[in-house]
Structure formats: structure tokens, C-alpha cells
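Take a look at the letters that make up each chain.
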Amino acid sequence: MKWNGWGYSDSKFLYNKKGQAEFTGKRYRLSGMIIPGLREWMESTFGANLQHKTPAAPILNSSAVQPPTLNEAFLKELKSTGIPFSHDAEDRVFRSHGKAEKSLLMSTKQSSMFFADCHNDVVKIVELACKHNVCLMPYGGGTSVSSALECPPEETRSIVSLDTSQMLNESGYCTGHEPDSMEFSSLGGWVATRASGMKKNIYGNIEDLVVHIKMVTPQGVIEKSCQGPRMSTGPDVHHFIMGSEGTLGVVTEVTMKIRPMPEYQKYGSVVFPNFEMGVACLREVARQRCAPASIRLMDNEQFKFGHALKPQVSSIFTSFLDGLKKFYITKFKGFDPNRLCVATLLFEGDREKVLQHEKQVYDIAAKFGGLAAGEDNGQRGYMLTFVIAYLRDLGMDYYVIGESFETSVPWDRVLDICRNVKARIVRECKDKGVQFPPLSTCRVTQTYDAGACVYFYFAFNYRGLSDPVHVYEQVEHAAREEILANGGSLSHHHGVGKLRKEWMRETISSVGMGMLKSVKDYVDPNNIFGNRNLL
Amino acid sequence: QNNLALYPRHLDEEEFTDILEERRRTTDLGYALRTFNPQPYKGAPSGSTSDLKKAVLESQYLRYIAKEIALETGSSVEKVRQEARGILEEMSHNLQLGFIRLMGYTVSKVFKRLFRSIYVNMEGLNMLQQAIQESPVILMPNHRSYVDFLIVSFILFTYDIPIPVIAAGIPLASMKVVGEILRRSGAFFIRRAIGSDKLYWAVLSEYVRTIVRTGCAPLEFYVEGFRSRTLKSVVPKLGMMDMVLEPYFKGEVFDITLVPISISYDRVVEESLLALELLGVPKPKESTTGLFKASRVLQEDYGCMHVNFGRPLSVRQLCEGKINRSEYNLIPRDLPQRPSTEIQDCVNWLAHLIVRTQEEGSLISPWSLMACLLLQAPITTLTEEGLQWHGLTEKTLWLRKLVLDFRGCLNWPDSDVMSSTVALHHSIVHHKAGRVYLVQDGDPASQDPLSPEEGVMRTAAAVLMLVSYRNQALHVFVRPGILATAIHITKSTQKDELFSFFCFLRDVFSNEFIFIPGRASQDFDEACSLLQKCGAVHMSQQEVTVLETGLEVLSFLQKLLQPFLDSYQLIFRYLCENGAHVFTEKQFLPAVQNLATKLILSGDLHTFEVLSSDTQKNVLAALRRLEAVTKLRASQQNEYKVNKAAVRRTGDILCKIICDIPVKIKLLFCVRLENFVLFFTLLYLKMIRLQLFTTPA
């Protein structure tokens, strides 16, 4: 795994000697392929140029990292328990950031790293941390994008990071929970952040999947006495744990529902003449409660991006077919290539039902001017989700920084929030002196009865800016203000971390803050779990 | 906070282009039939006007309101919706390119006849052209003459910019043929006095919001609400402004662009009609035959017209930090929701800002400056002895310099300014043997000698014409003028004392002049810096000292505002001495006029402006705002109640004071309570001592 980028060390985008984009490694469907359109897309979208390269520092210099603040007594006692740990600089840096942009550029204050193996290990570590007043920060999979894993600058105690990512065994069962980060994130992390998965339409979000949770807190262990499917025993204590973002304790054991592996899977895609029609279709699908395992609607910019990521075609026949499709959609059907957008679909279940379901969804789509656009486009759309994070690293090599963020919003505001937030990003970039027009795009990734989850991506070429990270933060901040002003939520599933803390009070009201605060005060009065997320 | 930065840059004469010049060179037919291919708003739908109507009728909002009304009145929803359809038919525009061409042809013919030139600032037009593509645009011209109703459409047609839809009063629609032509040129019609007609409000607001939300055409409306009879800016009306801005507040559009447009005339076509109307001669009903009768006005020369397109203002930018749009997050946006006071204040502030910006962009003609000076001469000098021509031109040049010092926009032609100006306004003054006289209407050799009262009215008609031209320049002088008045009355040099009095006057006169709410201290600072700039006063940290060299400026400014002080004072007096607690507007206006006429004849009153119904209405509005007078809700005939009863409600103590103290103080009492606490001591002492409100013996 990379410490200074996303994902596996062998998988990355690069420009080969011919100047063509290529994705290395063997892990993904795109691996080892040439992507001829990417370079042109990057150049035309960002004004990025192969000549202007900013290599990321490949080797971590341990002298550049702050020396750890060690608590000798705590360490000594812990060593006797035999739990593996590390002071290694690379480990520490690795564990002190998630995947939010600015954390790639920061150092760490952490002193030690412990690798916990089982519930009892965690209990021992937490007990000793309380005894020696050491700050604990659970790590999980390290895929946070809300600065949740950053060490609070005001913390003076010795900070110890607790890596629980080794605890999830390969179970072989299907939980159906598939967040985009699933290759790297941990079960405890999902619970602690109220995660959401791609196939939530069938399996539900984490709060629907969890049956039982065990968490180690400074006050002791919290868990329920049985595994009943639903209880009316006051407010559900699981809801104090889910979304607590490591401020209350360490989730050590989770019981989740499991489902048989689906017999049949089918991708699909629909092209709409414009985004408005697409949203109307998704809303209708939600109204009829017939959403497939996943349904996502990309806007025009993202459609073009997806197009740029098409790998080199192997035969003349395929390229002829592509040309024919394009002709049919733009010329025969009269879709404007600068307005059309595409929805990707994933159906799961037994074969017959899937086919039936598929027909129902395509029929609805047809009412909104949608044309079926094939399995291949759909599949590529989902693959995109997994490789998009790698692409960010390629962008960074060429003065492009970018990020994504999410929100959830009632149906009647989906179009407005998409338009306004994208426009706000463009305007803010311009106002802050960004020299090139930014990429500002969105997609609707989840549907609910009462609304949708919307994902925004923005990226810009920062050549000519003296403090790109600051500009970047300002734009992101403005975009979030715009989301809130347009009736969007603070977060659908990324969580609050430290990045979005400032808006918590207006989001849940002062009384709501007081409720959360009093739970924290009771469970962890000495702030042992001192990552200062959320509140 | 410094909004002055938002005002358009002061434009030099050079930047204006005469659009009639081109029209005089090529044929009007060719002009009307040329290709018209404007760049519309990027998000605009390609729908027709019937699509717009359908969208309004089918809207969730209108459905909801229709259900509510049906429930309240007991009639069926279908019936209410039918009624809504009828309202919409009566209201909606039917913009058609063919009629735009017809309009272009006719308007070009008429304007070439009326005006020597129509100057337009090209920079403003270019900015507008850009802005129209970016977001929905609201064109907000001032309204000084019927002539300007189609001027903006005419200019936009000429420069290939999308034609606006225009909010107009319903009387225009009832004109035969012309009403329909206007409708097809983009006018939509709004009833006057909508009152509490819920369905009408609902249809109107949904119609306006839909236009803005979809950006199908730029929307043009007069934020002042109606044509200013006095050529002075009118305190903005907020109803339309609310509707126009709501799509931004509710996040239905990313931004809205407001474009203030200042239209200034050398000479206004309906000048004499306006004066008569203000004196109570009823306004002729808008009718097609009336229009033809008015065609004799086509024979006259009306000089030049300036249309100054202001810099496009982003509502988003202006509202930043002022409002929190998330208040609309908890109710579906197509249901009605009363905006918070925060939002209402913001709308009010924006509306005032626009009118101020219109003022800043208006061009001041030499004639306006002359009118200022003529009105400061005693009336007998004007009517009988005549004013020295030489002295007048000297002083006008002096005033020109003052206007430049005060950053006003001047329209100063190069050659032979003074005499050509007087020649253009031969209907008001004439120049004979080195002296200038006021022209009074009617035949002096008439058999029936006029009664003294009729004589007053006759002079008043002429004076009020002068007054309206003076009003065109007033906005430049108001702030320093109020400071000069404060200095004159208080005789104080203490800055904080002057500031208190400045605020008091600003408050009392805020129906008369445009003050942006919440900017009292900026206004004061502006007044101070302008007076300092022209060398009238010296400023230190605490004090404002009058300089010897500044006496002329200060006296000019103080005299400029004196008619307003006199008029207000007289009406206050009338209200308190008149025994009735309840009066109607119909009783009030002639009664004040009678009293004023008497006092003018006896030589106790030196201004004719109090005879103007506009002044009277402004005083009434000011008193209502200050809660000294209340309007009776149930009454159909605009009945008002002097606040004695309301005061009684609030407490005996106050009532006692009101009854016990002399009239002049009584009035000051009615001024808001919090102000009272602040100003009482100051005012009581100063007013008595300086006899601002002298009780007649």
C-alpha cells in the first residue's frame, strides 16, 4: 500500500513513453490497458500539460517527521502484554491521515502504533491508556476523507494509534455492504462512521445491516444482551456508537446479517437527453420502489470523463459499432452531446427476477426519454468508482488537485443543489485566482423514498497559485456552505470528522449538540479517545 | 459594507452613443425587418408563452393555494382554478417577434420626432449582453415618463439582446388596440390595488417567479412602482421585488442579476400634465383616443434623452452574509412560506440600493441646476420683476462646479448651454431684456380676472414644473443638504450632536428622499466629506466648523431643503390643530391645500410645494411610518386615524404628555419612542429656542 497516495502500490495511472495514459498492475479490469482518450481529456479539461509535472516525494524521510512524544510508563506496561507495536515513522505517518487532500501534505504527532488482534487486546490497551492518560485514536482502514484521523494540533498528550484493520477475517460470506473504499476500509470503521454501501437498495446501509455491536470504552464494554432483530428499549444504544467516529471507544465485535451470494448479476446503462430527465426518472424509480441494487446518474461532464477512460479497443469492428451508437444517439435521436447524461445500473438476484426487474426499470426510463445504452457502459461506470481515487494521484503529478464530497437532499431540490453547487465551485475557483476552468461535476448515487445522495467532484489545475491547498480548502468550504443553503445535509456517509465540525451545531441544533456532548462526557470523561471528531 | 463600490462608475459624455443617429441614416423599415438573433440565457427553455402559462397553472404552488381558497370560500377547486385561468389570461404577455418589429418601427418614428438624440452607454449594454447569458436578468429602470415604457425594448432590439417582458399597470391593457400591441411587445399587466385578493397575488407571484426561475426572458419592472410625478425618486415598492428575488432565496436559481437603468430627460413630455395632476386636477384616463389627442406633443422639441445602463449587480454577492437561505429548508419550496424579517429587510435594502444606484446614474442637466436657483428667488421676482440673466448664468456655473465636487453625473453640452437650455424650456421660463420670467399658463388678457386663490394655483402650476426639474438634481445635494440644515438649526459644531440631528432629519424625510436603510453613519460621513471637499467646513475628530468660504454653499443647500421643512411643518400643524381624530385622504388633501393657499396669500408661507398632493402623501406616509397616524384597516376610503387613540392604548402617561404639551412637541412625540428618548432633550430645547416650529400667534 502507498503512504502518499491511494491504494495498492502496483496500481497507478501513468503516461508511458508514447505519451499515452496507462493503468498499471493486475488488480482491476482496467489494469494493463492503454487509455487513449485520457490525455486529451485532461489537457482540455484542466489545461494540464505533460511538460508540467510535479513529482510526489516517493521516499519518506524519517527526519522530516516530528519525533514522537513517548509515554514510557505506558509503553513499558504494554510491552509486557505482548501486543505488537511500532514507532516507525512511515507507519506513524500512514496512520495519521485518511484520504482527504490536505492530509497528504502534513506530518504527524503520533508516537506509537499498536496492532490489536482481539477484543481482549483492546480492553487491555484502553485500560492502560486510561491509567496513564494516553490519547487513543482508532484507525480502522484509514479511508477517512473528513480529516477524522488527523491528530488534533492542541493535543499535548502522547497519541497512540490503534490499528484494527487486521481483525476482519476473510469470511467468505456476502454482507452486501460495498462502499467504494471496501478494498481498504474496516468493519469497525463502517460502524463508527455510519457507512453506506453501493448496493444499499437491496441490503441496506450499515444501520440496517448491524445486529449487534461490542465496543470498548473508558467506562467499560457496551453491548446488548441479545440479538433480537428489533427492540423497543428506549433510544437504540447502537445509534450512539454508529457515527461516533472514534470519540467514544473502539468497536471490537460486530454481528452483521449475511445473505447468500446473488445467483446472477447484470450491469446496464441508460442515456438521457439531459440531467433533468435523468433525475425525474430516478425519482420515479424511487417512487415505485423498484430501484435495482445500484442506480447512479452521472451528469454530462462525468459522462465525458467516463468516455475518456474507455480503454483502447481491440478490433475495428468494436470501434465501428461505437461510432454507429454515437451516430444513433446524437444524430438520429437528437441528443445534444453536451447535455446528455447517463445512468448506470446494477441488478442482482435470481436470473428470472433480474430480467423482469430490468424490463420494469427500462420501461420507466423510456418514459423519460431514456435509451438503453448497454451493459458495457454500465460496468465501466462502476469500475470508475474504484479507479477514480488512483486517478487523483495522476492528477497530482500534473498540478491538478481534486476531491469529492457528498450530501443527501430531498427529491425536489436535487436539480437545484446540483446546479448551484457546481456553479458555486466554478465561481469560487475563478474568484480565488485559479487560472483554468475547474472540473465541477456531480452524480446522484443513491435513491431513497424521500430523496437522494449526491456526490460532487471538483478538481482544478493549480499552476500559478502560490497556496493551492488553501485555495482548495476555501473552495471546498464554500461548496459545503452552498450545499447547506440549498437544503442538503452535512454528510450522507463520509461523516463529520474535523473537516465539517464547524457546521454541526446548525445541523443538529444546540440541544442536539448537548445530547451528544453529555454522552461523550459520561463515556469518556478524560477524553482518552481524543481525536476530537464530531463535536 | 461600502456599497458605493457597487455603484456604476461615473460615465463621461464620451462613452454615450446616440442611437438615433443611425436611425436617421437608414430606413426604419429595413431596421425593423433586420435579422434579430440574440444570445439568450444559457439555461432558458425554448418554450412558448403558452408553455409559460401552462407551467404557472400546473404549478404545485397554485394548486395548493386553489385548494386553500376553495376550502375557505366553499366553492369548488375547479371553479377557483378556472378563475385563476381568467386572471392569468388577463395578465400574461404574448411576446411575438413580429410585434417587436412593429414596435421597433413605430417607436423609432416617434422618438426621432420627439428627441434630438437618445444617448446610450455602450459599456453598460455590453455588460448587460454578457450578464443575460449567465443568469436571469432583471432590468430595473426608473420611470419618469410614459415615453420610457418601450425604450429599453427598443434599445435591446437595436443591439440584438433578448427582448424583456415588462410589468405594466392594467389601465394600459384596456386601451384599444394599443393594449394588445403592448401585450405582444412583451408587456404583462398587473391590477392596481390588489389588496387582499389572495388568488390574484398567487397567480401574479407564480407568474413572475416562473419567468425568473426559467429565465425565459429578461424581466423589466419599475421598482418605484409607478411613474414619478415629481421626477424625484420614489421610495421603492417591495411586492414585485419579493417575487423576483424569491427564486434566489429558495435556491431555484444560482444567481439573479439586477441591472439598474437610469433614464434622464432634458425635457419631459408630460411636464405640464404632471403639475396639474399634483395640484389635484385628475389624471386623464389612459385611452387610445387620449393618446391621439396627445399627438400634438409630437410637434414639440424635447431635447435629448440619456439611458444609462448600470453595472449588473449579482444578488448573490449583495446578499452574502446578510441572509441565511437555509430558513427555506424545512418546507417544500412550492408551498407558501412567509419570509423572515431578515429576508424582508434584505429585500427592502436591495430595493433602496437599486433606486440609489438609479439616482447615481442619472444625468443632471444645466436646466435642473437653473431650476434649483430659480426656486430660491422670491416668487414675486420670478413673476413680476424678473431675475437677472447674468446673475443666473454665473450662479449656474458655480453650481456646476459644486455638482462635480459632489460626484454628480453632468450632462453639459459644449456650446451655448444657457440660452439653448432656456429656449428648450420656453414653456416654463422666458428670457427677455436681460431678465428671466416665469411663464404662467392661461391668457393674462382674459375677461374674467382670476380670484386670488386661482392666481395662487396658476403660479403653483408653473412653480411645480420648476420643482420637478429641480428634483432631478436633488439626490446629489440631499445628504450634504441635510447636514447643512442640521448645522443651520442646531448651530452646533459638535460632531455627535450634528449626527443625532442628521439622523432625525433623515428619519423624518425618508419618504421624501432615498436613504438606504441602516446606512445613517455612512450617509453622515459622506455628507461630511463632501462638504469638506468643497471647502465649506473643516472637520476634526470631534468638531465640524463652518468656514467663511463655505457660507455660500451651506446657504444654498439649506435653502434647497427649506421648502420640505416648511411643508412638513405646515401639515403637522394642520393635523394637530384640526379637531378630528379620524379623517379620510379625500378630506385631508383639499383641506391642507386650502390652509396653504391662505397662508401663501397672507405671506406667511413661502413655498408652493405643500400644495402638491405628492408632498402631502409623503408626509402622511412618514407619519404612518413613525406611528403617529394609523390607517384604518376596514375602511374602503383610505381613512386615517391620528394616533391619539393608539397612544391612549399604550399608556396614560404618554397620553397626558401628549395632551399637555404644545402642538410642536406633540408631533415630535409621535416620532418613534426610542428616538424620543434620544432626541427629546436636544429637540425640546433647540426647537423652542431656534423656532423651527413656530406656533402662529
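Note that the structure is predicted; figures quoted are calculated from it, not measured. (Residues numbered from 1 in each chain as written. Chains lettered and ligands numbered in written order. Predicted model: local features only at pLDDT ≥ 70, side-chain atom pairs only at ≥ 80, totals over all residues. Heavy atoms only, no water.)

**Q** What exactly am I supposed to notice about the overall build of chain A here?
**A** Within chain A, the secondary structure is distributed over 16 helices and 17 strands. Split into buried and exposed, the 535 residues of chain A put 54% on the buried side. The long-range fraction of contacts in chain A, counting pairs at least 24 apart against all pairs at least 6 apart in sequence, stands at 77%. Surface summary for chain A: the accessible area is close to 23,700 Å², and the carbon and sulfur share equals 54%. (Helix = DSSP H or I, 4+ residues; strand = E, 2+ residues; numbered from the N terminus. Buried < 20%, exposed > 50% of the residue type's maximum accessible area, 1.4 Å probe, protein only. Contact = heavy atoms within 4.5 Å. Areas by Shrake-Rupley, 256 points an atom, 1.4 Å probe, with all protein chains shown as cover.)

**Q** Sorry if this is basic, but what is going on with the side chain of Ser368 of chain B here?
**A** Residue and element names in this part refer to chain B. Note that Ser368 resides in helix H17 (residues 366–374). The exposure class of Ser368 is buried, given its relative accessible area of 1%. For Ser368, the contacting residues outside a window of four places in its chain are Tyr469, Arg470, Gln472 and Ala473.

**Q** How do you make sense of the interface of chain B and chain A when you look at a structure like this?
**A** How large an interface is tends to be reported as the accessible area lost when its parts come together. Taken together, the contacts link 15 residues of chain B with 13 residues of chain A. Together chain B and chain A conceal approximately 1,200 Å² of surface at their shared face, both sides included; 34% is due to carbon and sulfur atoms. When residues of chain B are sorted by the area they lose upon contact with chain A, Phe254, Asn329 and Arg333 of chain B head the list and together hold 48% of the total. Remark: the boundary between chain B and chain A carries five salt bridges. Of the charged contacts in the structure, one is a salt bridge between Asp416 of chain A and Arg333 of chain B, with a shortest N-O distance of 3.0 Å. Counting every contact that joins chain B to chain A gives 12 residue pairs in polar contact (both at pLDDT 80 or more). (Buried area = accessible area lost by both parts, 1.4 Å probe. Salt bridge = Lys/Arg side-chain N within 4 Å of Asp/Glu carboxyl O. Polar contact = N/O pair within 3.5 Å; in protein donor to acceptor, adjacent residues only side chain to side chain.)

**Q** In this structure, what is going on with a negative patch on the surface? I would like to understand it.
**A** Together, Asp431, Glu481, Glu502 and Glu506 of chain A together with Glu320 of chain B make up a negatively charged patch on the protein surface. Locating Glu320 of chain B in the fold gives a position in the loop between helix H15 (315–319) and helix H16 (341–361). (Patch = residues over 30% accessible without salt bridge, like charges linked within 9 Å, V, L, I, M, F, W, Y side chains within 5 Å. Lys, Arg positive; Asp, Glu negative; His and termini not counted. Charge placed at Lys NZ, Arg CZ, Asp CG, Glu CD.)

**Q** Could you clarify how one ought to interpret the pattern of salt bridges in this entry?
**A** Side chains that differ in sign of charge can pair as their charged atoms come close. Residue and element names in this part refer to chain A. One pass over the full model with this rule turns up 60 salt bridges over all chains. With its nearest N and O atoms 2.7 Å apart, the salt bridge here joins Asp299 to Lys422. Of this pair, Asp299 sits in the loop between strand S12 (294–298) and helix H10 (300–308) while Lys422 sits in helix H14 (residues 414–431); the two residues are 123 residues apart in sequence, bridging distant segments of the chain. Summarising the burial analysis for this pair, Asp299 and Lys422 share the class buried. The salt bridge partner of Glu428 is Lys432, with a shortest N-O separation of 2.6 Å. A residue is classified by how much of its surface remains accessible, and Lys432, at 26% relative accessible area, is partly exposed.

**Q** Is there a simple way to explain the environment of Pro525 of chain A in this structure?
**A** Residue and element names in this part refer to chain A. One can find Pro525 in the segment after helix H16 (504–523). What makes Pro525 exposed here is its relative accessible area of 54%. Considering only alpha carbons, one finds Pro525 and Leu384, 141 residues apart in sequence, at a separation of 44 Å. Not counting residues within four places of it along the chain, the set of residues in contact with Pro525 comprises Gln219 and Lys520.

**Q** I would appreciate a short explanation of empty space enclosed by the protein in the present structure.
**A** The method is simple in principle: a probe with the dimensions of a water molecule rolls over the atoms, and the space it marks as empty is what remains. All names here are of chain B. Inspection of every chain in the model, using the stated rule, returns 13 cavities of 30 Å³ or more. Space inside the second largest cavity adds up to approximately 200 Å³. Secondary-structure elements contributing two or more residues to the lining of the second largest cavity are strand S7 (257–265), H16 and helix H21 (452–490). Element by element, the count of residues in the lining of the second largest cavity is highest for H21, at six residues. When residues are assigned to domains, the lining of the second largest cavity turns out to be shared by domain 1 (47–277 + 285–361) and domain 2 (366–443 + 450–553), each giving three or more. (1 Å grid on protein atoms, 1.4 Å probe; cavity = no way out; pocket = protein on both sides within 12 Å on 5 of 7 lines; lining within 4 Å. Points joined across faces, edges and corners; volume = space filled by probe spheres on them. Domains from an automatic or database assignment.)

**Q** What should I look at first to understand unusual backbone geometry in this one?
**A** Negative phi values dominate among residues other than glycine, just as trans dominates among peptide bonds. Residue and element names in this part refer to chain A. We note that Arg289 has phi near 50°; this positive angle belongs to a residue other than glycine. As for its position among the elements, Arg289 is in the loop between helix H9 (275–287) and S12. What makes Arg289 exposed here is its relative accessible area of 65%. Although it is not a glycine, Leu534 sits at a positive phi angle of roughly 75°. As for its placement among the helices and strands, Leu534 is situated in the segment after H16.

**Q** Would you explain the environment of Trp349 of chain B in this entry?
**A** On the secondary structure map, Trp349 of chain B appears in helix H16. Once the C-alpha coordinates of Trp349 of chain B and Tyr146 of chain B are considered, the two residues, 203 residues apart in sequence, prove to be 27 Å apart.

**Q** Where do I start with the sheet that holds strand S3 (residues 34–35) of chain A in this structure?
**A** Hydrogen bonding along the main chain pairs the strands of a sheet, whether they run parallel or antiparallel. Residue and element names in this part refer to chain A. Ordered in space as S1-S2-S3, the three strands form an open sheet in which the pairing is antiparallel. For this open sheet the edge positions go to strand S1 (13–15) and S3, each flanked by a neighbour on one side alone. Bridge analysis of strand S2 (residues 21–23) against S3 gives two bridges, and the strand direction is antiparallel. What sits directly across from Glu22, in S3, is Ile34. (Pairing = 2+ DSSP bridges.)

**Q** Quick question: what am I supposed to make of the domain arrangement of chain A here?
**A** Residues and elements named next belong to chain A. Entries for chain A in the domain assignment read domain 1 (65–259), domain 2 (264–376) and domain 3 (389–493). Summed over both sides, the interface between domain 1 and domain 2 buries roughly 590 Å², with carbon and sulfur atoms accounting for 47% of that surface. When the area that domain 1 buries against domain 2 is broken down by residue, the three leading residues are Met198, Lys199 and Asn201, summing to 69%. Between domain 1 and domain 2 we count three residue pairs in polar contact (both at pLDDT 80 or more) in total. In terms of residue class, the side of domain 1 that touches domain 2 is made up of three nonpolar, one polar and three charged. (Nonpolar A, V, L, I, M, F, W, Y, C, P; charged D, E, K, R; others polar.)

**Q** Teacher, can you tell me more about the packing of H17 of chain B against helix H20 (residues 417–424) of chain B here?
**A** Two numbers describe a pair of packed helices, the interaxial angle and the distance between the axes. All names here are of chain B. At a minimum axis distance of 10 Å, the contact between H17 and H20 shows a crossing angle of 80°. By the angle between their directions, the pair H17 and H20 is classed as roughly perpendicular. Along the contact surface, H17 presents Pro366, Trp367 and Met370, while H20 presents Val417, Met418, Thr421 and Val422. By residue class, the composition of the contact of H17 with H20 is six nonpolar, one polar and no charged. (Axes fitted to C-alpha atoms, helices over the stretch in contact; angles between N-to-C directions. Parallel < 35°, antiparallel > 145°, perpendicular 65-115°, else oblique.)

**Q** Is there a simple way to explain the sheet that holds strand S8 (residues 210–217) of chain A in this structure?
**A** Residues and elements named next belong to chain A. If you walk across this open sheet you meet the three strands as S9-S8-S10, and the pairing is antiparallel. The strands lining the two open edges of the sheet, one partner per strand, are strand S9 (220–222) and strand S10 (250–256). Strand after strand, the sheet turns through a mean of 15° between neighbouring axes, direction not considered. Two elements, S8 and S9, share three bridges in a ladder whose sense is antiparallel. Within S9, the residue paired with Met215 across the bridge is Ile222. Helix H4 (residues 119–132) rests against S8, S9 and S10 of the sheet, and its axis sits at about 35° to S8.

**Q** It is not clear to me how helix H8 (residues 151–158) of chain B should be interpreted in this structure. Could you clarify?
**A** The periodicity of an α-helix, 3.6 residues per turn, causes residues three or four positions apart to be oriented the same way. Residues and elements named next belong to chain B. Most of H8 is tucked away: eight of the eight residues are buried. Residues Ile151, Val152, Ser153, Phe154, Ile155, Leu156, Phe157 and Thr158 constitute the buried set of H8. Positive phi shows up at Asp160, right after H8, with a value of about 60°.

**Q** Looking at this structure, I do not really get the state of the cysteines. What am I missing?
**A** Working definition: the covalent bond between the sulfur atoms of two cysteines is a disulfide. In this structure the tally under the stated criterion is zero disulfides over all chains. Of all cysteine sulfurs, the one in Cys418 of chain A lies closest to Cys442 of chain A, which takes part in no disulfide; the gap is 3.6 Å. (Disulfide = S-S within 2.5 Å.)

**Q** I'm lost on the packing of aromatic side chains in this one. Help?
**A** For any pair of aromatic rings, the description rests on two quantities: the centre-to-centre distance and the angle between the ring planes. All names here are of chain B. For the structure on display, the rule yields 31 aromatic pairs over all chains. Here Trp398 and Phe556 contribute two aromatic rings whose centre-to-centre distance is 5.9 Å and whose plane-to-plane angle is 85°, an arrangement assigned as edge-to-face. Placement of Trp398 in helix H19 (residues 389–405) and of Phe556 in helix H24 (residues 551–577) is noted, with a sequence separation of 158 residues between them. You can call Trp398 partly exposed: its relative accessible area is 23%. (Phe/Tyr/Trp six-rings, centres within 6.5 Å; stacked < 30°, edge-to-face > 60°.)

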